[in-house]
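Working through the structure, step by step
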Amino acid sequence: MEATFIRNAWYVAAWASEVPAGQIISRQILGVPLALYRTESGIIGALEDRCPHRGVPLSLGCVIKDRLRCGYHGLWFDETGHCVEIPGQDKIPPGMKTQSYPVVERDALIWIWCGDPEKADQESIPSFPWHNDPAWPYIPYVQRIACAYNLVVDNLLDQTHLPYVHASTIGGSAMGQATADMDVEKTPRGMRFMRWTEKTTPPPAYVAAGIGMVEDQLIDRWSEFEYVAPGTVLQFVGGLPLEARARETGAREGGWALRIMHNITPETETSCHYFWASCNGFKPDQPETTQWLHDQTRETFYDDEIFLEAQQRRITERPGPLIPTRHDIARVVADGAMKKMLKDENR
């Protein structure tokens, strides 16, 4: 039977801040319930959230020193999933273990590999150094969306929906988005594009940001995206007044500047975890602006959530072909990269 998830890939399991020392969280990823925990010495563990003794979730237990203890009968497990102690019993049955998964903590995120552990190359984890740069402050966030993860990827790579779904925040001119100049380039693991919306008016969020932009002003906006299959989208967007000649000069400072690493991890076939943080590149020394930017982005992505969940419900109820337009080129290329990964895994 062919796999429906791409398992031989790194996915984000949690923000590092979600799993402090001595704590356990439960999260389903690729259809598997997981217990994610951090030992008192800082080691991250990821085990199937099921005790092999009586099937109780291990996430109901606790972490003491470097071991996870089941909350039902007190069995102790190490980060490899092996039971290392049974209260009142010296001999440990050979099958007394639960599945463990490779995890890596990097760029403020916890990454997990749910496929063949022999193929878990840490060098393939997408990098995002701005999570470690105080010049780009952010507030981490995760939201659960009741839709297939690829629909979120599609949505992120489609800029033409902005004027309609996000009119009150980042939307901008509908015609400007529809006629924007976009160059799409295939990459070994996905695609990237640079999109310019020139001589357009700033959207409401740009005006409200206090960076000197006004409603009737003309600006140049850029959208730089890279998709890394299967679930990561790197984004750098911004805008500057026309006199900055941003496209010709390469200028990127002095106006709106936002970086986001979007990580979308399947929960089930029709639900996902969406990890994101808006890195504030225009007023990094003002915590209140970072909070405002986070709130604006959260409002924007919750608008997306309404449409994505409705889209998933209708696709489930009424499956059938979906016909692309010329604006879907980035999405089509990304979908091809995702399908290639799945095909290669099923060989």
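So, a few notes on the structure that sits alongside this text. (Residues numbered from 1 in each chain as written. Predicted model: local features only at pLDDT ≥ 70, side-chain atom pairs only at ≥ 80, totals over all residues. Heavy atoms only, no water.)

Once that is clear, we can look at empty space enclosed by the protein. Summed over all chains, the structure comprises three cavities of 30 Å³ or more. Here the largest cavity defines a volume of roughly 340 Å³. Of all elements in the fold, only α1 (149-157), β13 (190-200), α4 (204-208), β14 (219-228), β15 (232-241), β16 (256-268) and α6 (287-317) reach the threshold of two or more residues within the lining of the largest cavity. Broken down by element, the lining of the largest cavity gets its largest block of residues, six residues, from α6. Across the lining of the largest cavity, the residue classes tally to 13 nonpolar, 13 polar and three charged. (1 Å grid on protein atoms, 1.4 Å probe; cavity = no way out; pocket = protein on both sides within 12 Å on 5 of 7 lines; lining within 4 Å. Points joined across faces, edges and corners; volume = space filled by probe spheres on them. Helix = DSSP H or I, 4+ residues; strand = E, 2+ residues; numbered from the N terminus. Nonpolar A, V, L, I, M, F, W, Y, C, P; charged D, E, K, R; others polar.)

The biggest cluster of nonpolar side chains holds 60 residues, and the ones touching the most others in it are Ile112, Val152, Leu157, Tyr227 and Trp256. Broken down by element, this core gets its largest block of residues, six residues, from α1. Beyond its immediate stretch of four places on either side in the chain, Leu157 contacts Met191, Phe193, Phe225, Tyr227, Val233, Ala330, Arg331 and Ala334. Listed in part, the 22 residues of the second largest apolar core include Trp10, Trp113, Ala257 and Met261. (Core = buried A, V, L, I, M, F, W, Y, C linked by side-chain atoms within 4.5 Å. Buried < 20%, exposed > 50% of the residue type's maximum accessible area, 1.4 Å probe, protein only. Contact = heavy atoms within 4.5 Å.)

In this approach the atoms are scanned with a rolling probe the size of a water molecule, which exposes any empty space left behind. Empty space within the largest pocket amounts to approximately 680 Å³. Together, 25 residues line the largest pocket, and Leu151, Asp154, Gln311, Leu322 and Arg331 are the ones closest to its centre. Only α1 and α6 provide two or more residues apiece to the lining of the largest pocket. In terms of residue count, the dominant contributor to the lining of the largest pocket is α6 (six residues). Considering only enclosed or pocket space, the second largest pocket measures out at about 420 Å³ in volume. Taken together, 27 residues form the lining of the second largest pocket, with Pro188, Arg189, Ala229, Ala337 and Met341 sitting closest to its centre. For the lining of the second largest pocket, the secondary structure elements donating two or more residues are β10 (109-113), β12 (181-187) and α7 (329-345). Ranked by residues supplied to the lining of the second largest pocket, first place goes to α7 with seven residues. For the lining of the second largest pocket, the class distribution of residues is 13 nonpolar, seven polar and seven charged.

Quick look at the packing of aromatic side chains now. On inspection of all chains with the given rule, the structure shows 13 aromatic pairs. Pairing Phe193 with Phe225 gives two aromatic rings, centres 5.1 Å apart and planes at 15°, and the pair type is stacked. With Phe193 in strand β13 and Phe225 in strand β14, the pair connects residues that are 32 residues apart, well separated along the chain. Judged on exposure class, the residue Phe193 and its partner Phe225 are both buried. Ring centres of Trp196 and Trp222 lie 6.1 Å apart, and the angle between their planes is 55°; this geometry places the pair in the tilted category. Here Trp222 lies in strand β14 and Trp196 lies in strand β13, a separation of 26 residues in the sequence. The two residues Trp196 and Trp222 agree in class, both being buried. What links up through ring pairs into an aromatic cluster is the set Trp136, Trp196, Trp222 and Phe236. Lying over the aromatic face of Trp222, Arg252 brings its terminal NZ or CZ to 4.8 Å of the ring centre. Note that Arg259 overlies the ring of Phe236, its terminal NZ or CZ placed 3.8 Å from the centroid. (Phe/Tyr/Trp six-rings, centres within 6.5 Å; stacked < 30°, edge-to-face > 60°. Lys NZ or Arg CZ within 6 Å of the ring centre and 35° of its normal.)

Let us look at the side chain of Glu305. You can see Glu305 is positioned in helix α6. The side chain of Glu305 sits in the buried core without any salt bridge; Arg144 is the nearest counter-charge, 7.5 Å away. A distance of 2.8 Å separates a polar atom in the side chain of Glu305 from a polar atom in the side chain of Gln143. Not counting residues within four places of it along the chain, the set of residues in contact with Glu305 comprises Gln143, Arg144 and Ile145. (Lys, Arg positive; Asp, Glu negative; His and termini not counted. Salt bridge = Lys/Arg side-chain N within 4 Å of Asp/Glu carboxyl O. Polar contact = N/O pair within 3.5 Å; in protein donor to acceptor, adjacent residues only side chain to side chain.)

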